[in-house]
Amino acid sequence: MHPILFRVPLPHLPLKLWWALAVVAAIAVLFSLLSLRRGDKGGALIAILVAALAGAAGWKWQAVAYQAPNIPIYAYGVMLGISLVVGWYLTLPLAEKDGLPKETMANCYVVTALAALAGSRILYAVTNLDEFRSVWDLFALRNGGLVAYGGFIGGLLGSWAFLQPKKIRLLAWADEAVPSLASGLLITRLGCYLFGCDFGKRLPDGAPRWLQTLGTFPHWAAGTLANAEGSPAYVRHLDLYRGTPLEIELVHRNASFPVHPTQLYESLVGLVLLLLLLWQRRHLRFRGQAFFLFVFAYGVLRFALEWWRDDVERGSYGPTFDAHLYIPACLLLLAFGFVFGVSLGITDVRWRAAARLLAFVPAVAAYLALRPASFAESTPYQLSTSQVIGLLSALTVSFFYARLWTEARKHPTLAMSLGDPLAIRAMKGLGSERQALGD
């Protein structure tokens, strides 16, 4: 694992934070002037907002200076940046192909990405309040601290706020953007693996050697983490086994015990969902169908993966029940959600019937696997925050999937509409006019 990919050397003098913020503000002002010249009031407004925020931050932190031999470039930040670039080149061609104005969608992508980053950080803060002493700690991203579902909710709200006045359907944009969510999941979870966060529970002793190798996180050098020494899994195991013989073994190993590499599991989930979504887009019956499929499928798979997660930062919520009843009951609800909602998208009657039957297998298998030998040996379990959100979001989109599927059968043209056709035509015409002026 490589939490720090490389280090950028610095000159031997203090670097003022407000210098960088001033550059950001200047670039934003320049972009705003260019946007006004092209007649893009929305882009100009966003740029002015960025300039104002950068200016305010520069004034607030004008005394803050950074002096060190180098700047570490963290793996998670690099993977997050790559995911945003990949998402850009994946989303915009799909939107243009479906008839949405490319320039408007480009601005929407930026707004969505920023709102997603804010939402992911806010949800992490809400579930880990003990790590934050002031509001400024929200901007201390050195050790990660982003929650996928927070980004999902934040991005959805940001998209809605941007598209509402432009009379473009949110679900139309969601179908274009959702493949980038899957690709982002694929890429950013690799960053999580390199950084060592979001790790899983200890592997059994009989686990395959290759899996144990993938799931062993080293004891990093002091200073790699701000609040602890060692990889997150190593620190977690030190806390769990302190004062026991296992602590001596852990220190001797100088690495964590082998754990489930749940980051890689979820990265594979992202790949599977990306392929599934690209296929689904070729068979859309209503706007939002691909988006609903992603929300449901990710909710189910994330709910299952959380069983193997062991990082305490993910938080927990709700009542506590016996695991052998709680987990199967939730999986049973998800099975019913599939039967009455998402399974309608399987047009072949025989395949649909088989899929509906298989949907109940996980609930039965979970009950048999978790059932204790006696009542006294039952294991109490509380859902994680992500499990709660995944369960509720999957059931919600199942309801709307069934509803929109029925409406699509009655009004197929309306179900595939992008929004107000006159408004979209006007935006596309404005974009063509700008391009002609530029030529």
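Residues numbered from 1 in each chain as written. Predicted model: local features only at pLDDT ≥ 70, side-chain atom pairs only at ≥ 80, totals over all residues. Heavy atoms only, no water.

### Overview of the overall build of the protein
Check the secondary structure of the protein and you find 17 helices and six strands. Relative to its length of 439 residues, the protein is compact, with a C-alpha radius of gyration of 24 Å against a globular reference of 22 Å. Summarising its shape, the C-alpha atoms of the protein cover approximately 75 × 70 × 35 Å along the three principal directions. A total of 439 residues make up the protein; the buried ones form 45% of that total. Of the contacts made within the protein by residues no fewer than 6 positions apart, 80% connect residues no fewer than 24 positions apart. Surface accessibility of the protein: about 23,500 Å² in total, with carbon and sulfur atoms responsible for 69%. (Helix = DSSP H or I, 4+ residues; strand = E, 2+ residues; numbered from the N terminus. Rg over C-alpha atoms; globule rule 2.2 N^0.38 Å. Buried < 20%, exposed > 50% of the residue type's maximum accessible area, 1.4 Å probe, protein only. Contact = heavy atoms within 4.5 Å. Areas by Shrake-Rupley, 256 points an atom, 1.4 Å probe, with all protein chains shown as cover.)

### Structural notes on unusual backbone geometry
In this structure, Lys167 takes a positive phi of about 60 degrees despite not being glycine. One can find Lys167 in the loop between α5 (148-163) and α6 (170-195). Residue Lys167 is classed as exposed on the basis of its relative accessible area, which comes to 52%.

### Regarding the environment of Ser256
Within the secondary structure, Ser256 is located in the loop between α9 (245-253) and α10 (262-280). When the C-alpha atoms of Ser256 and Leu238 are compared, they prove to be 8.5 Å apart, with 18 residues separating the residues in sequence. Among residues more than four places away in sequence, those in contact with Ser256 are Gly215, Thr216, Phe217, Ala233, Tyr234, His237 and Leu250.

### Examining the nonpolar core
Formed by 53 residues in total, the largest nonpolar core has its most connected members in Phe286, Phe294 and Leu383. Sorting elements by how many residues they give to this core places helix α11 (residues 289-305) first, with 11 residues. Excluding anything up to four places from it in sequence, Phe294 contacts Phe152, Val178, Leu181, Ala182, Leu273, Leu277 and Gly299. In terms of nonpolar packing, the next biggest core, distinct from the first, is built from 17 residues, Leu100, Phe162, Ile168 and Trp173 among them. (Core = buried A, V, L, I, M, F, W, Y, C linked by side-chain atoms within 4.5 Å.)

### Some words on the pattern of salt bridges
Taken as a whole and judged by the stated rule, the model has 15 salt bridges. A salt bridge links Arg287 to Asp98; the nearest nitrogen and oxygen atoms lie 3.8 Å apart. Of this pair, Arg287 sits in the loop between α10 and α11 while Asp98 sits in the loop between α3 (75-97) and α4 (102-127), and the two are 189 residues apart along the sequence. Overall, the relative accessible area of 7% leaves Arg287 in the buried class. (Salt bridge = Lys/Arg side-chain N within 4 Å of Asp/Glu carboxyl O.)

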